[in-house]
Amino acid sequence: MTILRIIRDLLKYDSRFRLAFIFLSTILIMMLLSLVSPYNPNKTFVVAMDTPPSLEHPFGTSSRGQDIFWWMTFAVRNSFLLGMVTAALSRVIAIIVGLIAGYEGGWLDKVLMAINDSFVVMPLLPILILLGFLLRGKMNFFTLGLILGVFGWPWDARLIRSQVLSLKERAFTRTAVYSGTHPFWITIHEHLPFVLPIVFATTINNMLWSIGMEVTLSVLGLSDVSTPTIGTALFWANQHGALVAGVWWWIAAPTLIAIILFLGLYLLFSSINEYIDPRTRLRLIGG
Amino acid sequence: MSNYPKTRREFLKQAAMFVAGATLASCAPATTTQAPPQGEATQPAAAQPSGAGDEEIQPGVLRRECLILEDPTGTATPADDFNRWRPGTRTYSTGLQQLALDALWYIDPDAGVNGVWDNAVAAEKPIYNEDFTTMTVKLRQGLYWSDGVEFTAEDLYYTVDVQMKNDGWSYTGQFRGNIESMEMPDKYTVVFHLKAPNSRFHSFFTVRWGACFMMPKHVFEKQEDPLAYKFNPPVSLGAYTLKDFDPNGNWFLWQRRDDWQRTSLGLLGEPKVKYAMYIAPGPSDKRVIAQMEHKLDVIHDITPEGRITLAQKSPSSIGWFKSFPWAHPDPTLPAVIYNNEKPGLDKREVRWALTLAIDIVRVAMASYKGAATISAIHVPPTGMYPKYYFEPLEDWLKNFTIKVGGQDYKPFDPDACNRIAEEARKTLGDLVPTDPAEIRKSLGAGWWKYDLKAAEQLMLDAGMKRGSDGKWKLPDGSDWKVPMMSMNQSNPTMNRCASMVAECWSEFGVDTMLDARDNPWDIMSLGEYSANLAWTIETWGGHPDLFFFLSSWHSKFYQPSGTRASGSNSMRWKNPELDRIIESIQKLDFDDPKGIELGQEFIKLAAQEMPITPLMAYNVFTVCDTTYFTGYPTAEDPYTDPVPNWANTKYMFIKIKPKA
Amino acid sequence: MRKFLLHYLLPRIAQYLTVIFIGITVTFIIPRLSPTDPVEAQVSMILSSGSAVDPEAIEHMRQALTEMYGLSGSPLEQYIAFWGRLLRGDLGPSLSTFPTPVTRLIGQALPWTLGLMLTAVILSWIIGNVLGALASYYPKSKLIYAIDLMSQAVRPIPYYVVALVLLVVFAYLIPIFPFSGAYPVGTRPSLTPSFVLIYLKHSALPALTLILVGFGGWFIGMKSLTSNIISEDYVVYAETTGIKERKILTQYVMRNAMLPQITGLGLSLGTVFSGALIMEVVFQYPGMGMLTLQAIFRNDYSLIMGIAIYSIIGVATSVFLMDLIYPLFDPRVRYQ
Amino acid sequence: MAILSVRDLRAYYRTEAYGISRTVHAVDGVSFDLHPDEIYGVAGESSCGKSTLIKVISGNVKPPLKAYSGSVEYDNGLQKVDMLTISPEEMRRNIRWKEISYVMQGSMSVLNPVRKIIKTFEDIVESHRGIQDKKVFREQVEAHINRLGLPTDVLNAYPHQLSGGMRQRVAIALATMFQPRLIIADEPTTALDVVVQRGVLQMLKEIQAESKNTVLLVTHDMAVHANVADRVMIMYAGRIVEEAPTKTIFKSPLHPYTKHLISSLPMIGVRTTKTSLRGSPPNLANPPSGCRFHPRCPLAMEVCRTEIPEMVDVESRHRVACHLVKGGAL
């Protein structure tokens, strides 16, 4: 398997990838642990309140009488899922828009890029808030993922478009066109394979963005606070004044996990990105 | 009580406190600090910018002469708009309604300085005619606006007239609905002729938190558009005038008037606080830190955890109660409000089942860390209400029965408060009182039983069915969802409370979820909810009259779900017996002792019907710092409400003294 | 020059206007899809005092508010009226602080945000670019490697966490910076030297966190841009000619690597208008972010809409301006 | 006396990525001398090591390229410098551009796209001598480029505004600013059309004739060598295969590879069928054993596969490395 070989090579020779692997394995293990959690994350006052980290409760317990470690296993899982939902949706839009704009060109390209640029200048937070009004409390983390997905594609669509533009110049496209192949066919069969590595790299970046956005919204109390996520962990800690109450572990745990998750994804992103093509690195940053 | 493992809790609690202490101790500035004049305030964690309060807050304004209070509204924007009579102005709690404005009468939510009732700018109580169709107001003589103009009947007349004749004022609707005409027989008398009998017309002019304050006619009448006028600088009728304010709305500095004797407050005594500043100190944690650094004398409200931190780390901080639960119980009643028109919830048995499915101990722990003052009946357990309603009804409550499975069932649990105290003691130890009388006073008298078996039977009595998934279904077998709406960021304790109620219910098999909103009031008013943790019951606190909230519960104001409720009947409760009680109260004089009897009848009816489940007082963790000032109101000396956004807090200023 | 106008300037002006048009139209549509009626919300706020009000009076109030909010007429009429007002610079009254105009609230908050954010964005841009170029040009420097590591570690962490940690550390555990606000209570903002000092002291920590979080992106971008540029012929050639290293770094490497970063700067400068919400919340900074939060908690649609519109125009304008001055930095565009 | 002598130079690229290390033997045992006042041509197909050789000679050795052995000695009569060990700063200060200048391969893109031509002159001069008076400096530069037949307004242009030929001339003008003793010209005419090529070469030749310096001219184009060079060295796969005065090498090439290069030149009036070589230049990461040309050599013998042919002096100024040439006879 090439994938396995690539992973093995990366593990062996890229220290960033090694670190990313360790971090993400930790996260993955936590996510899997949620399946065997002894506590239901929606139940409060099941353990003693406000106990600092110990062997029994590795991350301590919260003022809601919950074991923070086991609660975080759900939080990580949900945050990660949110990232996946956002990434999946925005990837689909980005690929479609990018391929069509890049391949078709002309007025269609102009229209698509005008929409694209409008999305870039759209102030996300006020709009999310307006949508929050609109959805009236139906803002669970899945809907949030979808909304973020709708806003998370323009950078990457541009990237894919520029990639397609350069691919278009290459000989095989011309040959295909002269031999009468349908443009759509060319797009799917000839361009997509070249575009996919970029898609993969931007996926990770997009997940980072979406999970970060969730944290922002949750801290402000603008998301569905009854679902455990990294953001809602901080939300509930704030609601209980954890900082001045001295329950520092309640803030430290989500912070630590956020750092591990984010660094893991980020290192994976940069490592893979370089592996794919060092020259494209630059254009990928910021997606 | 298997939900509460008891292992090593004491040890762990102490460890937690140690860490908290270490964290806070290290936050003290490195500068050496002088011990404050009073030994009791010497505290390692409590750093003092300067021991004596000699530093200047503004040129000429010494810290020890300036009481600093929290404005719970936060940053007041726009800061320069003091037109309190227009809805939307955000500056009311900046000291404006506490220090600068004045009203005809005040009813204290607590015992009051000279009793609950105070004739402020009025010379005597409202004088009604026999059938309550006219109300005569006699004004005090010798009161002056801060610009030297005398306060007269002209001002009162103008205040009502301008709001009645023009659109958009706060009381436009109320005055138009009630007043037929007005007359001014002399310089200090105004007579209101009412459209219909109304024995409570004076309540528009009686401060309970706020009211229709007096407008200076000589200022407003010069304005082309009085509604748009910003009233900056405000001309005050109170004992203080605005000295300076932040154009960004973060602080407002008030100065005692030189002619404070010519104000209604001055008649009660000398305001000893020379300057007062209302500030926007930021979220709960920042307020706690600010008080530990003695930069904030009166905190309006903080999280229970923040209060506990202050109790442990800042000995100069005092609350309403000397120790646990510290908080001042607002004369409002947070409750689980059911939409009485939703399928399932339209049945009394279901509402009762949901009530018995709530474990009040866990709710008190989750919301207030136990520092809640619970109430089984439909009036808040605060102010003078225990005396008016709880004590007379206690025996009735103990024998009160409802039908469960055809049998009489006594739902009252007089012991609930003791169990809360016991539970709280596990984390707070000695801070929690042990004396039963003390517990009753601070934590409330008792609540309804936590009895899932009875609840189960009640559900079955109502025809509800358990589905194969264990969830309750409607009699026709369809899904029954009861989302629990709550306030979000704006009110952490209520949100925490709602979250716990929802948890109790889902254990009972109710398909529910927490639906936290930033602004639930609108949805509540429209009735587009099933259950909601908020309040529809607000009382005077000091005065037993329940008409304050009951008036709009009459079926003639009833609006079906989907249309905006008129007044506070957002649960859509209609009951002929209730109408009778309301009508009877309305026909009585405000102070008629029969009102208390009718109030008790209301309470009995509400207990029977359970249109909403009463939970507890809205406990406000107002904390006052005694480093520079003393004489704050407390449960021992309950002369007024310390919660600084109440206009009633003006009385604090004649009792609070600088320490030096 | 005509060619420049036709092929460079005109398309960009068209793009600029299109983007603003689409953006603002979307913000017009979204709140109107909402089932919550701002008029009803306002009515219920007025009625929330608890007492019963004559239904006729309510109806009257409702009509007056509908008129005042510009919500009368069909959606199309509202839309046209909305643009009419917008073009006169009128964003309507704020609902929660009626009748204060939205523009006034924004005008009050904007200077604080602008002062802080412009400084922070520009500083982090400069620092990130300079360090990024250095990192790539001197790959062996230990110090720069440390900075590199740090920026990579900080960059992916959610901003809230960074701000909170810095606040706790530098205002709470080691209290060298004020805990919150842009100035202490009792102080009135003014343009005196003493106030400026107070302001700087209060803004230092917020600015620091913004820079700390912001510069990493520029740093990494610049580093990879530079590593591409240093293998360009003209840099290799310049080295062969013996041109001084510093000159090569600044005039050959950075000048060229900077070009794509300028467009990026345009975008970032634009976001200044919506403020750094989290930063302002954490530090209680009286800017656009706090205003946004206030608008959220008070259901103030018109204010949120106003903020959104400012932000859209801000970003689009700043990108547009960057496009306009871009030829100054890249002669290839100028003379094409 | 040699102005630059290269002795047994070995310079390899060594890369390591994801565990695979590769060594490219780009220059492998090269020795030759450059004399004052001559145009010395270096010929060979692309990727035969020419460019690497120039990089080493001009002191542009950067990882992954590294000189493993040998020496490159520059001797201007006053001082001797070892180009492989000299410090970068000393190199920059004393040698670069003053002594040795460089016209780079692909000079089209050697000019900073965001800087006017005059600025590049300024940067170089300022870095070496300093500029006291901008006006005087400008006059000097104008005089210099006019002497080379370039119009003055070139100085105010940006690179993208100039034609390829013009840019190449500017590159030459830059290289001759300080009248260096040695000019290294790497493929100066590649990518230019024939007419422009002629002009550029003419210019290069005139400069050399005038200032009597040494030009090291590297190009794969044998026609250019025939027209311009005094001596020519032929490289194949990182090694020198033959070196001789231009006339000699074109008249009597000895190495089969040289012969091939010359025969592939288009000549007017000659209609012999061109013999094309089989195969392609070897992969220098894994060069063939023995004579590196043997896999493609039409005359390859058994010995060619195993033994590396030594460099043999055929005449005083003609040397060749081929097993067919032994002791000066074919």
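Up top is the structure.
This text gives an overview of the structure that appears in the document. This one's a predicted model, so the numbers in the text were calculated from it and none came from an experiment.

1. Comments concerning the packing of helix α6 (residues 142–154) of chain C against helix α8 (residues 193–229) of chain C
Residues and elements named next belong to chain C. Two elements in contact, α6 and α8, have axes whose closest approach is 9 Å; the angle formed by their N-to-C orientations is 120 degrees. Two packed elements cross with a definite hand, and for α6 against α8 that hand is left-handed. Facing Ile144, Ile147, Asp148, Met150, Ser151, Gln152 and Val154 of α6, the residues of α8 in contact are Leu212, Val213, Phe215, Gly216, Phe219, Ile220 and Lys223. Grouping the constituent residues of the contact of α6 with α8 by class yields nine nonpolar, three polar and two charged.

2. Description of the packing of aromatic side chains
Residues and elements named next belong to chain B. Considering all chains together, one arrives at 67 aromatic pairs over all chains under this definition. Measuring from ring centre to ring centre gives 5.6 Å for Phe245 and Phe252, while their planes differ by 0 degrees; the resulting arrangement is stacked. A single burial state applies to Phe245 and to Phe252, both of which are buried. Arranged with centres 5.7 Å apart and planes meeting at 75 degrees, the rings of Phe324 and Trp326 form a pair that is edge-to-face.

3. A look at the state of the cysteines
All names here are of chain D. Under the definition given, this model contains zero disulfides over all chains. Free of any disulfide, Cys297 has its nearest neighbouring cysteine sulfur in Cys304, separated by 6.2 Å. We classify Cys297 as buried; its relative accessible area is 7%.

4. Concerning helix α3 (residues 117–128) of chain D
With 12 residues, α3 of chain D should cover 16 Å at 1.5 Å per step; its first-to-last C-alpha distance of 17 Å lies within 8% of that length. For α3 of chain D, the buried fraction is high: 10 of the 12 residues fall into the buried class. Those residues of α3 of chain D that fall on the buried side of the exposure criterion are Ile117, Ile118, Thr120, Phe121, Glu122, Asp123, Ile124, Val125, Ser127 and His128 of chain D. Its buried side turned inward, α3 of chain D meets α10 (245–271) of chain C together with α2 (88–95), α4 (134–147) and α5 (164–175) of chain D. One or two steps after α3 of chain D, the chain reaches Gly130 of chain D, where phi turns positive at roughly 80 degrees.

Scoring rules and cut-offs
Residues numbered from 1 in each chain as written. Chains lettered and ligands numbered in written order. Predicted model: local features only at pLDDT ≥ 70, side-chain atom pairs only at ≥ 80, totals over all residues. Heavy atoms only, no water. Axes fitted to C-alpha atoms, helices over the stretch in contact; angles between N-to-C directions. Helix = DSSP H or I, 4+ residues; strand = E, 2+ residues; numbered from the N terminus. Left-handed = near helix turned anticlockwise from the far one by under 90°. Contact = heavy atoms within 4.5 Å. Nonpolar A, V, L, I, M, F, W, Y, C, P; charged D, E, K, R; others polar. Phe/Tyr/Trp six-rings, centres within 6.5 Å; stacked < 30°, edge-to-face > 60°. Buried < 20%, exposed > 50% of the residue type's maximum accessible area, 1.4 Å probe, protein only. Disulfide = S-S within 2.5 Å. Expected span 1.5 Å × (residues − 1).

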